[in-house]
Every structure is written in C-alpha cells, then in structure tokens.
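Topology and contacts: notes
The chain contents come next:
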Amino acid sequence: MNKFTVLRVIFILVVLASCSTAPRKPGAINELSMRSEYWLELGNKESDRGNLETALDLLNESKNQAVLADDPGLLIRTGLSKGNVLLSLGRTDEAFTEWEQALGEAGNIKDSELEAVSRVHIIRGNLLSGNAAAQRALDEVNHEISSIKKDQYYVAFAWLVAGLCQRELGRFPEAENSVRRSLAIHERGRFYEQAAYDWFLIASIRSLAGNYNGALSALQSAIELDRRMENSFGLASDWRAMGDVLAKAGRAEESRQAYQRAAAILRAMGEEGLAAELDKRAE
C-alpha cells in the first residue's frame with residue numbers, strides 16, 4: 001500500500017469518526033479542526049515510530065486543515081511537530097522556519113505558554129544542531145519551563161530537553177531526574193511510546209556515567225513498553241543500544257545476540273541497509 005492509499009484510508013476513518021461524535025453546539029462547525037487534530041495525532045504517532053516520511057505527509061495535511069480553519073492553536077501545534085520531523089530528516093533550515101512561524105503565531109494571539117513551548121523547540125533544535133552550548137540551552141529551558149503549565153505533553157517535552165542539556169554537561173544524576181519527570185507525565189497520561197523513549201534516554205545517561213547494569217535495566221523497560229505498543233522501530237533502537245551497552249560492559253556474546261535481534265527487526269521492516277550495518281557490528 002503506497003502512502004497515497006494510506007492517506008485515503010485514513011481520511012475515510014476521519015470521516016467515519018466525525019459521524020460518531022456528539023452533536024455540535026448550534027452554529028458551530030468544527031470539521032476542519034477535527035480533521036487537523038486527527039492528522040496531528042496520527043502524524044505524531046508515526047514520528048514516534050520512526051516513520052518520518054509518513055509522519056511528514058500526515059502533518060502537512062494536518063497543517064493544511066488548520067490553515068483552512070484559520071485555527072491559531074492548531075497552526076502552532078502542527079508547526080512544532082512538523083519542525084521536529086524535519087529536523088530528524090536533516091532538513092534543519094525548514095525545521096527552524098516551522099518553529100519560528102509557530103512562535104510568531106503564539107505571539108500574535110498573546111499565548112505566553114505556547115510562546116514558551118515554541119522557544120523550547122527552538123532551544124532543542126539549536127542544541128542538537130550544534131548552534132548553542134549546553135549550558136546556555138539549559139539556562140534558556142529553565143527560564144521557559146515555569147511558563148508551561150497547562151499542557152502536560154509540553155511540560156514533559158521541556159523536562160526532556162532539560163535532561164538532554166544536563167546529559168551534555170555530564171550532570172548525570174540531574175539529567176536522569178529531569179527525564180524521570182518527563183517519564184512520570186508520560187506514564188500518567190499513557191503516552192507509552194514517549195515513555196519508552198524516556199527510558200531509552202535514561203539508559204544513555206546511565207551508560208555515559210558508567211552504570212552499565214542500570215542502563216541495561218532501563219533498556220529492558222523501554223523494550224517492554226515498545227513491545228506493548230508494537231513499535232518496531234523503537235524495538236530495533238532498543239536492541240541496538242542494548243548491544244552497545246553490553247559491548248562496553250565486555251559481554252561480547254550477549255552484545256552480538258542483541259545486534260542480531262535488532263538487525264532481524266530492521267530486516268523485517270524492509271530496512272536492509274540498517275540491518276546490514278548491525279550485521280557488521282555482530283561479527
């Protein structure tokens with residue numbers, strides 16, 4: 001099934017879902033906003049699963065519907081998510097354009113929380129693209145985080161960015177504490193794919209600190225959640241990281257088996273090139 005067929009199937013699902021919702025208030029027509037929300041949710045889910053091109057298609061459609069509805073809040077949220085996907089695809093300039101537009105839109109409607117959220121996305125982009133030192137990025141996140149209160153999804157995101165900064169600075173206990181705050185929000189809200197990534201990040205923090213057993217425990221927690229969500233990309237990433245940590249711990253045979261497991265998942269996904277890279281690590 002090609003991506004256009006997938007989009008058509010999802011569109012039918014959107015229409016069916018809209019037919020089963022509660023009656024609208026008289027005079028209120030929300031179809032465009034509802035479609036945008038639906039595409040946004042699907043786009044975020046595909047992004048979490050590593051399906052970046054599909055996610056970008058879905059988020060483009062979400063943003064189109066937000067434009068048609070002239071809905072500032074949705075324009076901001078779709079722009080932020082789209083920027084994240086573009087950054088992951090290496091399209092850095094386009095990512096910053098999306099985030100800057102979201103920041104401008106938040107300023108236009110005088111929404112201080114969405115302004116802060118937009119700035120945190122920009123801070124993360126600067127950190128990951130090497131445009132800002134970790135201490136400066138951390139100071140900026142700490143300044144913004146107190147303004148983000150209503151949307152717990154974005155509160156978790158801000159704590160995650162703080163953890164990334166602290167990891168870069170070698171402040172490993174502080175970094176894990178920040179990511180655990182993100183994890184608590186994700187687990188409470190049943191955002192299990194995001195919770196799996198939190199555990200993945202905790203594993204990387206522990207590994208850098210030399211706590212290999214702790215890192216392996218965190219990766220096992222990530223695997224359990226990714227299995228629950230049948231997140232194949234997440235599972236492949238977890239097992240690859242497991243192989244890396246086991247190799248650092250001097251457990252060569254277990255490391256080889258972890259790499260082989262990751263390669264098998266990637267090969268079943270059709271990612272032959274990535275699987276071949278892990279085959280070499282397993283040699």
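Here, every reference points to the structure presented above.
How each quantity is defined
- Counting restarts for each chain, with residues numbered from 1 along the sequence as it is written.
- With pLDDT at 70 or above as the cut-off, local features in this predicted model cover only qualifying residues; side-chain atom pairs require 80 or more to be listed or tallied, and sums for whole chains, interfaces and linings still use all residues.
- By convention in this description, side-chain values take in all heavy atoms of the structure and omit both hydrogens and water.
- Only DSSP runs of H or I covering at least 4 residues are called helices, and only runs of E covering at least 2 are called strands; the numbering of each starts at the N terminus.
- For every residue, the accessible area obtained with a 1.4 Å probe (protein chains only) is divided by the maximum for its type, and the residue is called buried under 20%, exposed over 50%, and partly exposed between those limits.
- Note on contacts: a residue pair is in contact if any heavy atoms of the two residues lie within 4.5 Å.
- For accessible areas, the Shrake-Rupley method is used with a probe of radius 1.4 Å. Any residue's cover is judged against the shown protein chains and nothing else.
- A 3.5 Å cut-off defines polar contacts: any pair of N or O atoms within that distance qualifies, except that in protein one atom must be a possible hydrogen donor and the other a possible acceptor, and neighbouring residues in sequence count only when both atoms are side-chain atoms.
- We count a salt bridge whenever a side-chain nitrogen from Lys or Arg sits within 4 Å of a carboxyl oxygen from Asp or Glu.
- Pairs were defined over the aromatic rings of Phe, Tyr and Trp, the Trp ring being its six-membered one, requiring ring centres within 6.5 Å. Orientation was assigned from the angle between planes: stacked under 30 degrees, edge-to-face over 60, tilted for the rest.
- A ring is considered to have a charge above it if a Lys NZ or an Arg CZ atom is located within 6 Å of its centre and within 35 degrees of its normal.
- A helix's residues, less one, multiplied by 1.5 Å, set its expected span.
- Axis lines are fitted through C-alpha atoms, for helices just across the contact stretch, and the angle between N-to-C directions can take any value from 0 to 180 degrees.
- Here roughly perpendicular refers to angles of 65 to 115 degrees, roughly parallel to angles under 35, roughly antiparallel to angles over 145, and oblique to all remaining angles.
- Crossings are sorted by hand: turned counterclockwise from the far helix by less than a right angle, the near helix makes the crossing left-handed, and turned clockwise it makes it right-handed.
- Each residue is assigned to one of three groups, with Ala, Val, Leu, Ile, Met, Phe, Trp, Tyr, Cys and Pro labelled nonpolar, Asp, Glu, Lys and Arg labelled charged, and all others, Gly among them, labelled polar.
- By convention a nonpolar core is built from buried Ala, Val, Leu, Ile, Met, Phe, Trp, Tyr and Cys residues, the set being connected through side-chain atoms within 4.5 Å.
- Our arc is simply the arc of the directions from the helix axis toward the C-beta atoms.

1. Re the overall build of the chain
Along the chain, the regular secondary structure elements total 14 helices and 0 strands. Ordering the α and β elements of the chain from the N terminus gives α-α-α-α-α-α-α-α-α-α-α-α-α-α. By residue count, 45% of the 283 residues in the chain fall in the buried class. When contacts within the chain are restricted to residue pairs at least 6 apart in sequence, long-range pairs at least 24 apart make up 52% of them. Just so you have it, the chain exposes about 14400 Å², and 50% of that area is on carbon and sulfur atoms.

2. Brief notes about the side chain of S62
When you line up the elements, S62 lands in helix α3 (residues 52-69). By relative accessible area, S62 is classed as buried at 0%. A polar side-chain atom of S62 sits 2.7 Å from the main-chain carbonyl oxygen of S36. For S62, the residues in contact, after removing those within four places along its chain, are S36, W39, L40 and T78.

3. Overview of the side chain of R49
Tracing the chain through its elements places R49 in the loop between α2 (31-48) and α3. Those residues in contact with R49, other than ones at most four positions away along the chain, are E193, M229, E230, N231 and F233.

4. What to know about the pattern of salt bridges
One pass over the full model with this rule turns up 16 salt bridges. The partner of E98 in a salt bridge is K63, with the nearest N and O atoms 2.6 Å apart. One end of the pair, E98, is in helix α5 (residues 92-108); the other, K63, is in helix α3, and 35 residues separate them in sequence. Here K63 falls in the buried class, since its relative accessible area comes to 15%.

5. Here we look at the packing of aromatic side chains
The final tally for this structure, using the stated rule, is 4 aromatic pairs. With a centroid separation of 5.8 Å and an interplanar angle of 80°, the aromatic rings of Y153 and Y154 are classed as edge-to-face. Between Y197 and F200, the ring centres sit 6.1 Å apart and the planes meet at 20°, which makes this aromatic pair stacked. You can see Y197 and its partner F200 sitting in helix α10 (residues 192-208), 3 residues apart, about one turn around the helix. Taken together, the ring pairs in this structure connect Y153, Y154 and F191 into an aromatic cluster. Here the basic side chain of R228 rests over the ring of Y192, its NZ or CZ set 4.1 Å away from the ring centre.

6. Description of α10
A rise of 1.5 Å per residue sets the reference length of α10, with its 17 residues, at 24 Å; its end C-alpha atoms lie 24 Å apart and thus fit the reference within 8%. With 14 of its 17 residues buried, α10 lies for the most part within the structure. Looking at the residues trailing α10, positive phi occurs at G210, about 85°.

7. Examining the packing of helix α8 (residues 152-168) against helix α9 (residues 172-188)
Relative orientation of the contacting elements α8 and α9 amounts to 160°, with a least axis distance of 8 Å. With respect to α9, the axis of α8 lies roughly antiparallel. Like other packed secondary-structure pairs, α8 and α9 cross with a definite hand, here left-handed. On the side of α8, the interface is formed by Q152, V155, A156, W159, L160, A162, G163, Q166 and R167, while α9 contributes F172, E174, A175, S178, V179, R181, S182, I185, H186 and R188. Grouping the constituent residues of the contact of α8 with α9 by class yields 9 nonpolar, 6 polar and 4 charged.

8. So, the nonpolar core
For soluble globular proteins, the rule of thumb is that nonpolar side chains tend to be buried together. Within the largest apolar cluster, 78 residues are counted, with the highest numbers of intra-cluster contacts made by L80, W99, I148, W199, W239 and M242. If one sorts the elements of this core by residue count, α8 sits on top with 11 residues.

9. Focus on the environment of L89
Tracing the chain through its elements places L89 in the loop between α4 (72-88) and α5. What L89 contacts, discounting residues up to four positions off in sequence, is L52, E53 and L56.

10. Examining helix α7 (residues 134-145)
For α7, spanning 12 residues, the distance from its first C-alpha to its last is 16 Å, which sits close to the expected 16 Å at 1.5 Å a residue. Taken together, the buried positions of α7 are A134, A137, L138, V141, E144 and I145. When α7 is viewed along its axis, its buried side chains cluster within an angular range of 130° and face the same direction. Summarising the contacts, the buried residues of α7 are in contact with α6 (112-128) and α8.

11. A closer look at the environment of S47
As for its position among the elements, S47 is in helix α2. Separated by 11 residues in sequence, S47 and L58 place their C-alpha atoms 9.9 Å apart.

Nothing here speaks to function; it is all geometry.
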